[in-house]
Each structure stands twice: as structure tokens, then as C-alpha cells.
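A look at the structure
Given next are the chains, with one letter for each unit.
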Amino acid sequence: MTRLLLIGPPGAGKGTQAERLSEAFAVPAISTGDIFRFNVKNNTELGVKVKAFIDAGAYVPDSLTNEIVSDRLKQADAVAGFLLDGYPRTADQVQELDRLLEADGTALDAVVLIVADTEEVVARLLKRAAEQGRADDTADVIRHRLSVYEEQTAPLIDLYGSRGLVVTVDGLGAVDEVTGRILAALAARGLNATEEAASTT
Ligand code: AMP
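These remarks concern the structure in this document. Keep in mind it's a predicted model, so treat the numbers as computed, not measured.

Parameters and conventions
Residue numbers here run from 1 along each chain, matching the order of that chain's written sequence. Local features in this predicted model are restricted to residues whose pLDDT is 70 or higher, and side-chain atom pairs enter the listing and the counts only when it is 80 or higher, whereas totals over whole chains, interfaces and linings include all residues. Side-chain measures were taken over the full set of non-hydrogen atoms in the model, leaving aside hydrogen atoms and water. Between buried and exposed lies partly exposed: a residue is buried under 20% and exposed over 50% of the maximum accessible area for its type, with that area taken using a 1.4 Å probe on protein chains only. Numbering of helices and strands runs from the N terminus, with a helix taken as a DSSP run of H or I at least four residues long and a strand as a DSSP run of E at least two residues long. Pairing between two strands is assigned when DSSP locates at least 2 bridges connecting them. Here a residue counts as near a molecule or strand whenever at least one of its heavy atoms sits within 4 Å of it. Within 3.5 Å is the distance limit for a polar contact, defined as a pair of N or O atoms, with the added protein rule that one can donate a hydrogen and the other accept it, and that residues adjacent in sequence qualify only through two side-chain atoms. Accessible areas in this description were obtained via Shrake-Rupley with a 1.4 Å probe; residue shielding takes into account the shown protein chains only. Definitions used throughout: a 1 Å grid over protein atoms alone; a cavity as a set of points that fits a 1.4 Å probe which cannot get out; a pocket as an open set with protein on both sides within 12 Å along at least five of seven lines; a lining residue as one with an atom within 4 Å of a point. To be counted as sitting in a cavity or pocket, a molecule needs more than half of its atoms within 2 Å of that site's grid points. Grid points are joined across faces, edges and corners, and a volume is the space filled by probe spheres set on the points. Charged means Asp, Glu, Lys or Arg here, nonpolar means Ala, Val, Leu, Ile, Met, Phe, Trp, Tyr, Cys or Pro, and polar covers whatever is left, Gly included.

Another point: the pairing of strand β5 (residues 166-170). Only one face of β5 is covered, namely the face carrying V167 and V169; the face carrying V166, T168 and D170 is uncovered. Relative to β5, strand β4 (residues 110-115) runs parallel, the two being bridged by 5 bridges. Paired with I114 across the bridge in β5 is V169.

Written out as C-alpha cells, the structure is:
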């Protein structure tokens with residue numbers, strides 16, 4: 001089974017690609033952003049704790065984020081493989097994930113980096129704001145999210161790069177095209193989608 005991470009700036013199309021890849025590799029897509037948004041929407045204890053961070057475009061504290069991922073990865077459907085979308089985003093989260101995988105005697109197969117230039121991602125996020133009305137998709141918050149990404153998450157690319165895990169894919173273009181690029185890049189590393197999914201893509 002396959003264990004993948006998806007990294008890229010906000011607006012690079014991670015969520016959309018995560019759904020596709022989850023199907024192709026028959027593994028659950030786990031998005032910390034989606035988990036947080038679900039909790040905010042339902043006004044849970046976690047939701048109340050994280051709402052202000054998300055609305056401001058700041059990262060949720062590592063302790064909270066690590067805890068939800070640790071719980072989620074223990075669930076039955078994630079034991080044999082997973083696709084993490086939007087986690088880890090900080091050096092502390094990388095350490096936690098390393099620890100969790102090591103405890104299970106498993107390891108990551110690849111880190112998919114979706115690259116997209118800043119103007120393009122800002123335009124996409126503003127479009128999404130108009131369509132979906134996400135509170136963290138306003139121009140100011142978007143700018144802040146991009147700078148937090150550059151500061152805290154971009155350095156992880158070198159870290160995973162030094163482990164030989166990074167597969168870089170251009171996120172520009174139609175959704176299908178980008179999915180095709182990712183599947184081809186992973187196949188080149190010997191990571192093949194399940195046959196059923198591959199035949200429909
Ligand atoms: P996303 O949908 O992945 O863009 O995440 C939306 C928001 O949720 C982010 O801007 C953060 O506020 C929060 N978030 C999601 N994942 C993480 C993470 N791994 N670490 C800290 N905050 C996160």
C-alpha cells in the first residue's frame with residue numbers, strides 16, 4: 001500500500017488532486033484543513049479552539065494538529081496506506097509524523113510537491129472565495145497564508161528532498177492534466193495506481 005504526502009502552496013489544487021489520487025491508489029485522503037473546517041462548522045470543542053487561527057490564515061498550533069493526525073492515522077482505513085493533504089506543514093509536524101511512522105515500522109513512499117506561481121494561486125483562491133465563501137479566502141488572509149507557507153512549509157521540501165522523496169509536478173493546467181502528471185511521476189518511481197483506477201484515468 002502507498003503512503004503519500006501532498007505539499008504545495010494554498011491554491012495549488014491539493015484538495016482536488018488529493019481526491020483523485022486517493023481513488024487511484026485506493027487509500028484515504030486525509031486533509032487536516034477539511035477536518036478543522038468540519039469541526040468549526042459543527043462547533044465542536046476542537047472547532048472552537050481552532051476557528052480564530054483558520055480565519056486569520058495562521059497555522060493551528062502543532063500540538064492540536066499532531067493530535068488529530070495521530071488519531072486519524074490509527075483508524076482502520078489508514079493503517080495500510082494514506083494520502084496526507086496539507087500535513088505536515090511545520091518542522092515539528094514532520095518530527096511527529098516520523099515518530100508515528102517509525103512506531104508502526106512504516107515509511108513514506110513519496111512526497112508530491114505541486115508547484116504553482118503566486119499570481120496564479122492568488123487568482124484561484126479569489127475565485128474560490130467568490131464560489132464557496134471560505135472565510136480564509138479574502139485577499140489579505142490569502143497573502144498571509146502564502147507568507148506563512150513560504151516561511152514554515154516551503155523549508156520542508158528541502159528536508160524531504162534530502163531523503164530523496166520529493167516528486168515535483170507543475171500544478172498549472174487542467175485538473176486531468178495535472179493528475180496525469182502526478183500519476184506518471186509516481187509511476188516513474190515504481191508507485192503504480194491500482195489497476196482498476198488506472199484504467200479509468
Ligand atoms: P487547507 O484547507 O489545507 O488550506 O487548510 C486550511 C487552514 O487550516 C490553514 O490555513 C490552517 O489554518 C489550518 N491547517 C490545516 N492544516 C494544517 C496544519 N498541518 N498545520 C497547521 N494548520 C493547519
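There's more to say after this.
Around the ligand, 16 residues are found, and the nearest of them are T32, A58, G86, R89 and Q93. R37 places a side-chain nitrogen or oxygen 2.9 Å from an oxygen atom of the ligand. The separation between a nitrogen atom of the ligand and a polar main-chain atom of V60 is 3.0 Å. When the free accessible area of the ligand is taken as 480 Å², the share hidden by the protein chains comes to 96%. Taking a 2 Å distance to the grid points as the criterion, the majority of the atoms of the ligand fall inside the largest pocket.

The volume enclosed by the largest pocket comes to roughly 1,100 Å³. Along its surface, the largest pocket is lined by 43 residues, and G11, K14, G15, R128 and R134 are the ones closest to its centre. Ranked by residues supplied to the lining of the largest pocket, first place goes to helix α6 (residues 118-132) with 7 residues. Across the lining of the largest pocket, the residue classes tally to 15 nonpolar, 15 polar and 13 charged. Looking at the second largest pocket, the residues that line it are R3, S70, L73, K74, A78, V79, F82, L100, L101, A103, D104 and T106. Those elements that place two or more of their residues in the lining of the second largest pocket are α4 (62-73) and α5 (91-104).

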